[in-house]
Amino acid sequence: MSVATVALPHRAEALGKWGEALAGDDFVALPGSELAGWFPPADLARLVATWEDLPRDELVTGGVLRERRYGRLMAARGPAGEWSLTPLSHQAFQQTAEHIPLYEGKARMFSPIPEETLTDPALAALVAVDLAIVSAVVPRVTRFEVGLHQMRVLATPDAPGCPTPEGRHRDGHDFIGMHLIGRVNCAGGESVIHRDGLPQTRLTLTERLDSLVVSDTRITHEVTPTVADGATGVRDMLLVDINER
């Protein structure tokens, strides 16, 4: 089984700044204009192309048009801060009814992310960015189980896209990374962060790799519908579930 190892020593300043923001505010926004520059263009293009091979999500409800794959990794931090990422066996994805009442706690079996994508250098580096940021909040944790969701939400002229049909929610993870892979022919899709006693934070991910990392145990979040701009609207996301192990 392939194992991807990623070190980010030259990004320590930016990662430290983002980690401090996550620790202080329970979320942090990462600009895609900066993050995309960390990846060789050919590597990023190869990863982005895998969103063209997502099967339809037949388990989503309410007429939502969504395509999806799911996979898992075990992440271990080495003594120099490098991350080793090992693919885990495919299994159903399950959230409690307490967190997501929409699916009543049922296990949902999605099509797997192929191993060559799970160990892709660009994907591994993006996951390592999330893990490095999260480590500022839980510095003593050296192992995480990571769930990966390749998602495409479609909006048609007759029906808006619905990135979060469950509405305002927690997903039931320790942390979540949310990375925009692409969006075409659509408006909307505003990310909304809710923190107790504070005004909402609202922002829209528009450029490739515009990202959010959130402490899922401390905030709730949602994304407003997308609206097709003439042709079918497409919003592609990589969601990274991070749980301490």
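### Observations regarding the overall build of the chain
Each helix and strand in the chain was counted, giving five helices and 13 strands. On C-alpha atoms alone, the chain measures out to a radius of gyration of 17 Å, which is about the 18 Å that the 2.2 N^0.38 rule sets for 245 residues. In terms of principal-axis extent, the alpha carbons of the chain reach across some 55 × 45 × 35 Å. Out of the 245 residues belonging to the chain, those deemed buried represent 52%.

### Examining the packing of aromatic side chains
Counting across every chain of the model gives four aromatic pairs. Ring centres of Trp18 and Trp38 lie 5.6 Å apart, and the angle between their planes is 25°; on these two criteria the pair is classed as stacked. Of the two residues, Trp18 is situated in helix 1 (residues 12-25) and Trp38 in the loop between helix 2 (32-35) and helix 3 (41-49); the sequence distance between them amounts to 20 residues. Each of the two residues, Trp18 as well as Trp38, counts as buried. An angle of 55° between the planes, with centres 5.2 Å apart, marks the rings of Tyr70 and Phe93 as tilted. With Tyr70 in strand 3 (residues 65-77) and Phe93 in the loop between strand 4 (83-87) and helix 4 (115-118), this pair connects stretches of sequence that are 23 residues apart. Side by side, Tyr70 and Phe93 carry an identical accessibility label, which is buried.

### Comments concerning the sheet that holds strand 13 (residues 233-244)
Taken in spatial order, the eight strands of this open sheet run 1-4-3-5-13-6-10-2, and their pairing is antiparallel. Of all strands in the sheet, those with a lone pairing partner are strand 1 (4-6) and strand 2 (27-30), marking the two edges. For this sheet, the mean inter-axis angle between neighbouring strands, taken without regard to orientation, is 20°. By the bridge criterion, five bridges tie strand 3 to strand 4 in an arrangement that is antiparallel. Paired with Leu73 across the strands is Pro87, a residue of strand 4.

### A word on the nonpolar core
In summary, soluble globular proteins display a tendency toward joint burial of nonpolar side chains. If you look at the biggest cluster of nonpolar residues, it comprises 46 residues, and the most contacted ones within it are Phe144 and Leu148. Ignoring sequence-local partners within four residues, the contact set of Leu148 consists of Arg69, Tyr70, Gly71, Leu73, Ile113, Leu118, Leu123, Val127, Leu238, Leu239 and Val240.

### So, the environment of Gln91
The residue Gln91 is located in the loop between strand 4 and helix 4 in this model. Spatially, the C-alpha atom of Gln91 lies 8.9 Å from that of Arg108, the residues being 17 residues apart in sequence. Contact partners of Gln91, with chain neighbours within four places excluded, come to Tyr70, Arg72 and Met109.

### With respect to the pattern of salt bridges
One side chain can pair with another of opposite charge once the charged atoms of both are near each other. Applying the stated criterion across every chain, the model contains 11 salt bridges. Between Glu145 and Arg72 there is a salt bridge whose closest N-O contact spans 3.0 Å. In this pair, Glu145 is assigned in strand 5 (residues 143-155) and Arg72 in strand 3, connecting sequence segments 73 residues apart. A residue is classified by how much of its surface remains accessible, and Arg72, at 8% relative accessible area, is buried. Taken together, the shared-partner salt bridges connect Asp43, Arg46 and Asp120 into one network.

Criteria and thresholds
Residues numbered from 1 in each chain as written. Predicted model: local features only at pLDDT ≥ 70, side-chain atom pairs only at ≥ 80, totals over all residues. Heavy atoms only, no water. Helix = DSSP H or I, 4+ residues; strand = E, 2+ residues; numbered from the N terminus. Rg over C-alpha atoms; globule rule 2.2 N^0.38 Å. Buried < 20%, exposed > 50% of the residue type's maximum accessible area, 1.4 Å probe, protein only. Phe/Tyr/Trp six-rings, centres within 6.5 Å; stacked < 30°, edge-to-face > 60°. Pairing = 2+ DSSP bridges. Axes fitted to C-alpha atoms, helices over the stretch in contact; angles between N-to-C directions. Core = buried A, V, L, I, M, F, W, Y, C linked by side-chain atoms within 4.5 Å. Contact = heavy atoms within 4.5 Å. Salt bridge = Lys/Arg side-chain N within 4 Å of Asp/Glu carboxyl O.

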